[in-house]
Amino acid sequence: MISGDSTRAGEPVAIGGAAVTRPRVRGRFSPLDWVRRGGLSAVAFALPMLVIFTAFSWYPITRLVVLSLQTTNLVDPPSWVGLQNFRDVLNDPLFMTALKNTAYFALLALLFGFPIPLIAAVLISESRRFRGAYSALAYLPVVIPPVVGVMLWRYVFYEPSSVGLFNTVLGWFHMGPYGWLQSTGTAMPALVVESTWANAGTTVIIYLAALMSVDRDLYDAASVDGANLWRKVWHVTVPQIRGVLLVMFMLQIIGTAQVFLEPYLFTSGGPANATLTLLLLVYQYAFGNSIGVGFGQAAALSLMVAVFLAIFSLVFLRLTRSWSTT
Amino acid sequence: MKSSFRAIRLLVVAAALFLVVGAASLANAGSQAKVTINVAALRPGSSADAQKQFDDNVALFEKQHPNIAVKPVEYAWNGATFAAQLAAGRLPTVFTVPFTDARTLGEHRQVADITAGVKKWAYYKKFQKTIIAEATTSKGRIIGVPYAAYAQALHYNRQLFKQAGLDPNKPPTTWAQLRKYAKQISQRTGAAGYAQMGLNDNTAGWIATTVAYTLGGRMEQGRGANATATLNSPFTVQALNLLKQMRWTDKSMGSTFDYTWPTINQAFAAGKIGMFINGSDIYTFLVQAANLDPKIYGIAPLPLAKQKNAGVMGGGSIAVVRPDTKGAKLNAALQWIDFFYMEKLIKKPAALRDARILVANQQPVGVPAFPIFNKVQYDRANSWIKSYINVPIKQMNPFLKGIFKQNLYPEPAASTQSVYHALDPVVQAVFADKNANVSALLAQANDVAQKAIREGK
């Protein structure tokens, strides 16, 4: 850098009417200069974030990796076992059961949980008078504590006797009563229905915000061209919010792969392991046995899920890069 | 010169005296230093009367042991919570575990070794060998004090029996009779004639094991990691087929099949269940936490098949100390165990004191149990508190008359919880699928249990 030059290295300078970037010149590092340029302030600003991330994210992640290579009785110092915990998990017949169940949950959640909030958001956005009220109603299940929501569904809707709400309605048609959560065939779909009800509100609000940002002129132009509602949605709405749709799709897969609350509270993984998911298996490894000797396997399976989801996200982002708006 | 020697001698003597007195007073202060122990108290949700009864015991103990402060903490045994509390160092100093888990915890050094302290107690040698064995590791170390034992029993609702046209003083004595009664109760009252725990938190497997025992079956042979799993014996198949018939053919089990320990007790207390299996000592829980109307309560021994090995599975509770407890704190913990759990079983004044506190706080006295020491001592302790017994003892007669004629057997010794956990999905499959292939499912469960036994889990 030329002394007294007011232009900093790396900043664009105008040469012959075109802006070009001056190559960065590596000077000698001077602590005083660094302080004078506000280096200390930058560190001070970053410090709380660094401390919080270290304490609550990076340290637990490191501990998880270490724990996955150890065995412990929670009293004596842990001992190293190499990759044995990973082998134990892969050889456990319940691992494949949990993997299949999680994939089944993700698929059902995708079929119900992905289009329903989108349709609801489109309908709400079309409403002029009560949009606020409809949005609030759609969001209401999200503010109900998850445990309360599960209990509500379990003891009101899914109650297996004839006094359960669903069974009462079916009783009018001389059907049932059915044990919604006690049959291997209906337990998982029952969990997905409640999960969709509980979580759709947030997605509706996000879609609604995206829909509101779509230029109304595009719809007017489509109307002039004679497009009906379906064509407007397909040719205007979806392309305009495709960035949000792709992100929500990815988040949905990540969320459903980590489903725990519903199978834990509704069925504990039953009946006959029909709702045993990967994260519930992690829980069972760690806490299912009073002696807690499965902490290593629990850490190993957690790590496997995390790595799979990281790879999935990278591949998904790479494959959908050309469709994304960002 | 002489006087200066005398002065020095005086000084030395004075200094020595000062040191001796100082050391003595320090030692005295040390022995009087107050030790605080956290002790497991009542289950969360227990009544105010039950809380007061516990607090009265604490106050009395602190009066008798002025250098020990006792801090009660709400507690209910739970395998999942135990591992988390142990990992976080949040266990109470003294807490209780079921027979099912004590030995496994001891083998993994997850509870304190209290051999030396327990062997000093005068009544140590009076423990029934099979009972103290539940708290003894394979290396002969004592890791807990068994203070309550029970036999699995059939609990029944006398009111539902009457409504169904059955005699509440004549509970079923065979499984065929039980099945018939269940169907009758279900058809005439609309309540579940018979219900069974079915959640895969090891309780489904626990009760399935209990039924298999009554038919002559066992879940394993041998001990430790060399034990052989026998989950798929014809007796377990028979036990599960019996369940299948009641569930699908008789339809006498109501509509709830995912009961666990607290929920089945609560449903029974609420009058929704005619008969169910649980430990003989649950009357206290039913009264304290489930608001049972004592009038409806009945208890009977489990029906036994005419098989050589048919018997009743037993269980019980063991007081243990957290693994890092040492020195004065360990002594204080043992004194609390002796005072709160044991004295009332062996000393008349303590038995009377305990009964008085229980009665004053409207808590049950005389709940059916099984002898920790021997039948003579058990009867003697009950005779001391006869005038305080406030449980409906007449309604408990079928059990009290029948239970001592039955053979009591301990739970599977090796990897107990893992064996039950392997059975859970089989019981659930029977409840969920009327075409469930019991033999095939049990063969799979047997492999799972065998692996757990081999790995010591």
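Small disclaimer: the values here were computed from a predicted structure and weren't measured.

Reading guide: rules and limits
- Residues numbered from 1 in each chain as written.
- Chains lettered and ligands numbered in written order.
- Predicted model: local features only at pLDDT ≥ 70, side-chain atom pairs only at ≥ 80, totals over all residues.
- Axes fitted to C-alpha atoms, helices over the stretch in contact; angles between N-to-C directions.
- Helix = DSSP H or I, 4+ residues; strand = E, 2+ residues; numbered from the N terminus.
- Parallel < 35°, antiparallel > 145°, perpendicular 65-115°, else oblique.
- Contact = placed C-beta atoms within 7 Å.
- Nonpolar A, V, L, I, M, F, W, Y, C, P; charged D, E, K, R; others polar.
- Domains from an automatic or database assignment.
- Expected span 1.5 Å × (residues − 1).
- Buried ≥ 20, exposed ≤ 12 C-beta atoms within 10 Å, placed from the backbone.
- Arc of directions from axis to C-beta.

1. Looking at the packing of helix H9 (residues 203–215) of chain B against helix H17 (residues 416–432) of chain B
All names here are of chain B.
At step 1: Look at H9 against H17: their axes get within 6 Å of each other, and the N-to-C directions meet at 90°. Between H9 and H17, the crossing angle belongs to the class labelled roughly perpendicular. On H17, the residues touching Ala204, Gly205, Trp206, Ala208 and Thr209 of H9 are Val419, Tyr420, His421, Ala422, Leu423, Asp424, Val427 and Gln428.
At step 2: A per-class count over the contact of H9 with H17 returns 8 nonpolar, 4 polar and 1 charged.

2. A few points about the domain arrangement of chain B
Residues and elements named next belong to chain B.
At step 1: What the domain assignment reports for chain B is domain 1 (35–149 + 315–388) and domain 2 (152–313 + 394–455).
At step 2: Distance from the C-alpha centre of domain 1 to the C-alpha centre of domain 2: 27 Å.
At step 3: With 21 residues of domain 1 in contact, the opposing surface of domain 2 contributes 20 residues.
At step 4: Among the elements that take part in the side of domain 1 that touches domain 2, helix H4 (residues 99–107) stands out by supplying 4 residues, more than any other.
At step 5: Of the residues belonging to the side of domain 1 that touches domain 2, the class tally is 8 nonpolar, 9 polar and 4 charged.

3. A closer look at the interface of chain B and chain A
At step 1: Contact residues are listed per partner, giving 31 residues for chain B and 26 residues for chain A.
At step 2: Put simply, the parts of the chain that give the side of chain B that touches chain A at least two residues each are helix H3 (79–88), H4 and H17 of chain B.
At step 3: Looking at the side of chain B that touches chain A element by element, the count peaks at 8 residues for H17 of chain B.
At step 4: Residues that form the side of chain B that touches chain A fall into these classes: 14 nonpolar, 11 polar and 6 charged.

4. Quick look at helix H4 (residues 93–113) of chain A
Residues and elements named next belong to chain A.
At step 1: Between its first and last C-alpha atoms H4 spans 29 Å; for 21 residues at 1.5 Å apiece the expected length is 30 Å, and the two agree.
At step 2: For H4, the full list of buried residues reads Ala98, Asn101, Thr102, Phe105, Ala106, Ala109 and Gly113. Down the axis of H4, the smallest arc covering the buried residues is 140°, so these residues share one side. Seen from the buried face of H4, the exposed residues on the opposite side, beyond 90 degrees, are Pro93, Met96, Lys100, Leu107 and Leu111.

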